[in-house]
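Each chain, written out:
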Amino acid sequence: MKKLKTALFYVILTLGALTMIIPFLWMVLTSLKPQNEIFTSTLSLKTILPSVWRWRNYADAMAAAPFGRYFLNTAIIAVGGTALTLTISSMAAYAFARLRFPGRNALFITILATMMVPAQVTMIPSFIILRHMPLFGGNDILGNGGHGWLNNYLGLLVPGAAGAFGIFMLRQFFQGLPRDLEDAARIDGATESTIFWRIILPLSKPALAALGTFGFTSRWNDFMGPLLIMSDDSMKTLQIGLQVFQSQYTTQWDLLMAGTVLVTIPVIAVFLMGQRYFVSGIALTGVKG
Amino acid sequence: MNGHRMTGLERREARAAYGFLAPALFLFVVFVAIPVVAAVLLSFTRYDIFHRPVWIGFDNYRNLMRDEVFHQSLVNTAFYAACTIIPGMTLSLALALILNAKLRGITFYRAAYYLPVVTSLVAVAMIWMWMLQPTSGLINQGLANFWEPFVRWLGGALNTVSFGLIGDTLMKYQAPQPSWLGTPTGIISVGRYPLSLTLQAIVMVALWAGLGWNMVIFLAGLQGIPTHLYESAMLDGAGPWQRFLNITWPLLKPTTFFIFVTAVIGASQVFGTVYVMTNGGPNNTTTTIVHQIFQNAFAFLKMGYASAMAFVLFLIVFAVSMFNWIFLRGESDYGL
């Protein structure tokens with residue numbers, strides 16, 4: 001009976017896992033087929049695998065658009081944005097976790113409440129603010145005349161840099177850290193910023209790694225932000241760039257799948273390397289039963 | 001600190017705190033507080049970004065009440081939410097319970113289910129557009145290949161027990177080759193608004209993509225439940241179903257609440273998959289609230305009208321969040 005149950009569990013899990021993996025396998029196989037082999041209507045062992053493994057699809061896909069540039073843009077936004085978010089959020093979280101000041105609770109609750117505001121509500125005014133950023137992108141001091149932070153890395157890096165979720169999560173983590181070290185440092189006359197940079201942050205590596213992995217993947221995969229802000233071809237990201245393979249009438253599926261593989265590999269690599277941070281990160285969000 | 005004058009030390013601590021908070025607060029004011037107020041104001045104007053906004057009172061909201069495409073987007077979003085949240089959560093809880101049964105290979109399975117979660121939604125959309133392609137997609141090819149043997153087997157089986165009519169009729173049916181992403185009709189509809197096959201296909205893709213996320217969170221919750229509770233329940237002779245109802249379900253409540261809240265918010269904001277896979281078509285049967293906001297704001301440059309839509313979205317999310325908070329939170333403790 002016990003054995004039967006275990007076997008049944010494995011069957012269910014494996015069927016589910018196949019459902020998850022097969023689309024990815026199909027993507028990889030399509031990306032390696034010659035174009036005349038991707039449009040077959042019968043499925044057999046012969047047509048599932050490419051007759052010749054066409055690695056050139058990858059070179060062709062890369063040549064279809066400035067993907068090197070898109071890659072660079074995406075990397076700058078994902079890495080830079082994550083670093084900026086971690087810095088700003090952890091500073092704010094430290095103040096909420098350790099320092100006493102008038103208005104602390106009211107301010108914290110206000111920041112948490114912003115989690116309820118859908119990004120789409122602030123999207124339109126934020127777009128207008130970015131467009132009218134004074135003295136950038138040809139704007140005058142009143143923010144008129146140019147395009148401001150549109151088509152500028154700052155337009156994607158800055159607005160999302162302070163996240164309520166990150167502040168909340170890091171505050172929870174900081175509150176759980178033992179106070180002995182910082183108290184000793186305070187007695188020795190250390191300033192708050194020394195304590196923060198030298199004691200709190202080094203102790204918080206697991207939380208920062210978890211938040212960083214989340215931040216990196218969500219920025220790498222972001223679609224709406226770059227769609228709105230990066231209209232200039234030289235500023236596009238990989239997610240936006242994938243659309244070059246689709247025109248209104250035809251889609252070059254072989255190249256599109258090759259491009260999709262290339263765009264997906266970095267996040268899968270980061271995920272596999274940081275898998276334990278992902279899982280511990282979820283535990284850190286305080287959803288443990 | 002009310003009422004008494006701050007000492008020098010306290011004042012220094014407060015000054016340090018505001019220093020630490022300054023960058024975050026500045027960003028919240030510029031990119032959240034001001035935009036929220038601006039969005040409300042804009043929703044009472046006509047604004048095309050090139051000319052000054054014109055105050056038009058409640059006209060945008062009045063037009064929203066008559067806007068059939070917007071109504072379709074409300075129906076679609078509600079259907080999407082209902083189908084991704086309840087079945088999605090049930091499935092992922094079931095998977096998490098199985099994975100939690102101390103089986104070998106948990107890391108592999110967890111990674112497999114999580115794969116779609118780390119993949120960008122654009123990539124997911126592209127992969128599924130190809131999977132669902134009418135003639136060469138894997139789904140329809142699979143249907144074509146397995147349909148005939150399956151129908152023949154089923155028809156034969158039916159023929160042996162009946163008079164052959166049902167089996168013979170069944171065997172005449174060709175394998176369905178639906179145009180998954182190009183069918184504006186469906187079996188069910190809400191009033192005048194159809195829930196098209198295309199919308200159903202998008203919902204399936206969303207379920208596929210979101211399963212791993214919910215499962216991993218459920219798993220974290222399950223692993224936080226102390227095992228000695230199960231041990232003593234088993235000593236008292238409680239069966240698996242009783243153990244689930246009396247231990248797992250109540251102790252998992254905070255996790256379930258968290259997943260539910262985030263799933264509602266996520267579903268109410270669905271955009272990327274729709275934009276890439278169908279751009280709202282065919283016949284607007286897959287458009288969503290956020291897709292309508294995007295279209296109106298950035299394709300038609302009706303920024304005021306789109307802001308009114310965004311405000312309606314905010315009210316919906318707010319109402320649902322409040323409902324969750326009041327009725328479903330129960331004993332959960334989030335440190336809030």
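1. Regarding the overall build of chain A
For chain A, the helix and strand inventory stands at 16 helices and 0 strands. Here chain A has a C-alpha radius of gyration of 24 Å; the compact-globule value for 289 residues is 19 Å, and the former is much larger. Its C-alpha atoms give chain A principal-axis dimensions of roughly 75 × 75 × 35 Å. Expressed as a percentage of its 289 residues, the buried residues of chain A come to 42%. For chain A, the share of sequence-separated contacts (at least 6 apart) that also reach a separation of at least 24 residues comes to 66%.

2. Comments concerning unusual backbone geometry
B:Gly281 connects to B:Pro282 through a cis peptide bond whose omega is -10°. By the secondary structure assignment, B:Pro282 is in the loop between helix H12 (272–277) and helix H13 (289–299). The backbone phi angle of A:Asn151 is positive, close to 55°, even though this residue is not glycine. Looking at the secondary structure, you find A:Asn151 in the loop between helix H7 (119–131) and helix H8 (153–157). Non-glycine residue B:Asn284 carries a positive phi angle of around 60°. Following the sequence through the fold, B:Asn284 ends up in the loop between H12 and H13.

3. Describing the packing of helix H3 (residues 68–99) of chain B against H13(B)
Residue and element names in this part refer to chain B. In the contact formed by H3 and H13, the axes pass within 8 Å of each other and the chain directions differ by 145°. Along its contact with H3, which presents Val69, Phe70, Ser73, Leu74 and Thr77, the element H13 presents Ile289, His291 and Gln292. For the contact of H3 with H13, the residue count by class is 4 nonpolar, 4 polar and no charged.

4. Let's talk about the domain arrangement of chain A
Buried accessible area, meaning the area lost when the parts come together, often serves as the stated size of an interface. Residue and element names in this part refer to chain A. Domains assigned within chain A are domain 1 (1–54) and domain 2 (66–287). Each of domain 1 and domain 2 has a C-alpha centre, and these two points are 35 Å apart. In this complex, domain 1 contributes 7 residues to the contact, which on the side of domain 2 involves 6 residues. At the level of secondary structure, the elements contributing two or more residues to the side of domain 1 that touches domain 2 comprise helix H1 (2–31) and helix H2 (35–38). Element by element, the count of residues in the side of domain 1 that touches domain 2 is highest for H1, at 4 residues. For the side of domain 1 that touches domain 2, the residue count by class is 3 nonpolar, 3 polar and 1 charged.

5. Observations regarding the domain arrangement of chain B
All names here are of chain B. One can read the domain layout of chain B as domain 1 (68–133 + 188–328) and domain 2 (135–177). With centres defined by C-alpha atoms, the gap from domain 1 to domain 2 works out at 33 Å. Taken together, the residues of the side of domain 1 that touches domain 2 sort by class into 3 nonpolar, 1 polar and no charged.

6. A closer look at the nonpolar core
Membership of the largest hydrophobic core comes to 117 residues, with the highest contact counts inside it found for A:Ile124, B:Ala125, B:Met126, B:Met309 and B:Ala310. With 17 residues, helix H8 (residues 197–223) of chain B is the single largest residue contributor to this core. Ignoring sequence-local partners within four residues, the contact set of B:Met309 consists of B:Leu64, B:Phe70, B:Ile289, B:Gln292, B:Ile293 and B:Asn296. Membership of the second largest hydrophobic core comes to 39 residues, among which are A:Met91, A:Phe96, A:Leu208 and B:Leu27.

7. Re the interface of chain A and chain B
Taken together, the 70 residues of chain A in the interface contact 81 residues of chain B. Elements with a contribution of two residues or more to the side of chain A that touches chain B: H1, helix H5 (67–98), H7, helix H9 (164–175), helix H12 (205–221), helix H13 (224–229), helix H15 (253–273) and helix H16 (275–287) of chain A. The greatest single-element share of the side of chain A that touches chain B, amounting to 12 residues, is contributed by H1(A). Of the residues in the side of chain A that touches chain B, the class split is 48 nonpolar, 19 polar and 3 charged.

8. Focus: the environment of A:Leu255
All names here are of chain A. Within the secondary structure, Leu255 is located in helix H15. Note: C-alpha distance between Leu255 and Ile38 (217 residues apart in sequence) is 11 Å. When sequence neighbours within four positions are dropped, the list of residues in contact with Leu255 reads Asn57, Asp60, Ala61, Ala64 and Phe245.

9. Here we look at H7(A)
Each α-helix winds once per 3.6 residues, and so residues spaced three or four apart point in a common direction. Residue and element names in this part refer to chain A. Its 13 residues place the ends of H7 18 Å apart at the C-alpha level, agreeing with the 18 Å of an ideal helix rising 1.5 Å per residue. Its maximal kink placed at Pro125, H7 deviates by approximately 30°. The buried count for H7 comes to 11 of 13 residues, which makes it a mostly enclosed element. Within the span of H7, buried status applies to Gln120, Val121, Thr122, Met123, Ile124, Pro125, Ser126, Phe127, Ile129, Leu130 and Arg131.

10. Here we look at the confidence of the model for chain B
Low-pLDDT stretches of the model should not have their predicted coordinates read in fine detail. Residues and elements named next belong to chain B. Of all residues in chain B, 93% attain a pLDDT of 70 or more, and the chain-wide mean is 86. The low-confidence segment residues 332–336 (pLDDT under 50) makes 8 contacts with residues lying over four places distant or belonging to another chain. Overall fold confidence for the complex sits at a pTM of 0.88, while the interface term, ipTM, reaches 0.86.

11. Describing the confidence of the model for chain A
Of the residues in chain A, 94% reach a pLDDT of 70 or more, and the chain-wide mean stands at 86. When mean pLDDT is compared element by element in chain A, H5(A) scores highest at 94, while H16(A) scores lowest at 62.

Rules of the game
- Residues numbered from 1 in each chain as written.
- Chains lettered and ligands numbered in written order.
- Predicted model: local features only at pLDDT ≥ 70, side-chain atom pairs only at ≥ 80, totals over all residues.
- Helix = DSSP H or I, 4+ residues; strand = E, 2+ residues; numbered from the N terminus.
- Rg over C-alpha atoms; globule rule 2.2 N^0.38 Å.
- Buried ≥ 20, exposed ≤ 12 C-beta atoms within 10 Å, placed from the backbone.
- Contact = placed C-beta atoms within 7 Å.
- Axes fitted to C-alpha atoms, helices over the stretch in contact; angles between N-to-C directions.
- Nonpolar A, V, L, I, M, F, W, Y, C, P; charged D, E, K, R; others polar.
- Domains from an automatic or database assignment.
- Core = buried A, V, L, I, M, F, W, Y, C linked by C-beta atoms within 7 Å.
- Expected span 1.5 Å × (residues − 1).
- Bend = angle between axes of the 7 residues up to and from the residue.
- pLDDT = per-residue confidence, 0-100.

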